[in-house]
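Coordinates in review
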Amino acid sequence: MRLFFALQPDDAVRGALAGTAAALQRDCGGRPPDAENLHLTLAFLGDVPQSRLPALFPLAAAAAETEPFAMALDRIGWWPRQRLVWAGARTVPLPLRSMSGILAGGLRAAGFRTEKRRFLPHVTLLRDARRAPPRVACSLPPWRVSGIVLLCSERGPRCPRYHGLREWPLPRRL
Ligand code: ATP
Ligand code: MG
């Protein structure tokens with residue numbers, strides 16, 4: 001199973017992200033993900049055998065023990081080598097850093113393969129982008145984070161399908 005921990009936007013943020021991606025596509029080319037696939041990856045696990053699934057649950061539960069928070073997606077970025085256009089936050093909320101830190105530390109301690117790169121929270125808006133995004137202000141509604149999800153990425157006919165395996169709601173909400 002190809003697994004990753006992620007945050008999923010609510011319908012309002014999802015719709016706004018999809019609209020932003022469609023607008024950016026006119027300038028940058030490339031392909032937006034299906035709206036239902038829009039997400040922010042907290043930790044990528046790669047292939048995990050089914051037998052190891054239960055070891056992930058307490059890590060996620062610990063990471064979800066955070067104060068409620070909202071995130072302002074106020075920045076459009078681009079990684080030319082990966083040809084990726086993304087939305088991110090100029091100021092990464094502390095609880096988001098702590099979530100990713102708890103997951104990364106817990107995964108490492110439990111013997112899972114983890115990312116060595118610095119955590120750069122982003123929502124992919126375009127793949128195979130040809131041109132840099134225009135430098136315009138990005139105004140998306142605040143993303144009130146409601147929980148952590150464990151997603152399984154499966155091959156679909158056109159694009160991957162993310163199948164939700166489990167969710168850990170934050171104990172308190174904004
Ligand atoms: P596709 O690979 O078909 O274009 P995708 O990247 O959305 O689609 P996956 O490759 O299954 O689907 O990745 C799921 C999530 O994990 C995505 O957010 C992706 O950016 C992230 N991811 C994938 N591989 C890695 C990796 N090696 N390190 C960190 N994050 C990764
Ligand atoms: Mg990929």
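Residues numbered from 1 in each chain as written. Chains lettered and ligands numbered in written order. Predicted model: local features only at pLDDT ≥ 70, side-chain atom pairs only at ≥ 80, totals over all residues. Heavy atoms only, no water.

1. Comments concerning the overall build of the protein chain
Looking only at helices and strands, the protein chain features 3 helices and 9 strands. Element order for the protein chain, N to C, with α for helix and β for strand: β-α-β-α-β-β-β-α-β-β-β-β. Since a compact globule built from 174 residues should have a radius of gyration of about 16 Å, the 16 Å found for the protein chain is in line with a globular shape. For the protein chain, the C-alpha atoms occupy an extent of roughly 45 × 35 × 30 Å along the three principal directions. Look at the contacts in the protein chain between residues 6 or more apart in sequence, and 79% of them connect residues 24 or more apart. Accessible surface, the protein chain: about 9500 Å² in total, of which carbon and sulfur atoms supply 50%. Between the centroid of the 26 positive side chains of the protein chain and the centroid of its 13 negative side chains there is a distance of 7 Å. (Helix = DSSP H or I, 4+ residues; strand = E, 2+ residues; numbered from the N terminus. Rg over C-alpha atoms; globule rule 2.2 N^0.38 Å. Contact = heavy atoms within 4.5 Å. Areas by Shrake-Rupley, 256 points an atom, 1.4 Å probe, with all protein chains shown as cover. Lys, Arg positive; Asp, Glu negative; His and termini not counted. Charge placed at Lys NZ, Arg CZ, Asp CG, Glu CD.)

2. Thoughts on helix α3 (residues 94–109)
Spanning 16 residues, α3 covers 22 Å between terminal C-alpha atoms, matching the ideal 22 Å at 1.5 Å per step. For α3, every residue scored as buried is listed here: P95, L96, M99, S100, L103, G106 and L107. For α3, the arc enclosing every buried residue in end-on projection is 140°, short of the 170-degree limit, so these residues lie on one face. Turned more than 90 degrees away from the buried face of α3, the exposed residues are L94, R108 and A109. In this structure, the buried side of α3 is in contact with β1 (2–7), β2 (40–47), α2 (53–64), β3 (70–71) and β8 (147–154). Taken from the residues just after α3, G111 is the one with a positive phi, measuring 85°. (Expected span 1.5 Å × (residues − 1). Buried < 20%, exposed > 50% of the residue type's maximum accessible area, 1.4 Å probe, protein only. Arc of directions from axis to C-beta.)

3. Regarding the side chain of S153
Position of S153 among the secondary structure elements: in strand β8. With residues up to four places along the chain from it excluded, the contact list for S153 reads R2, F4, P160, R161 and Y162.

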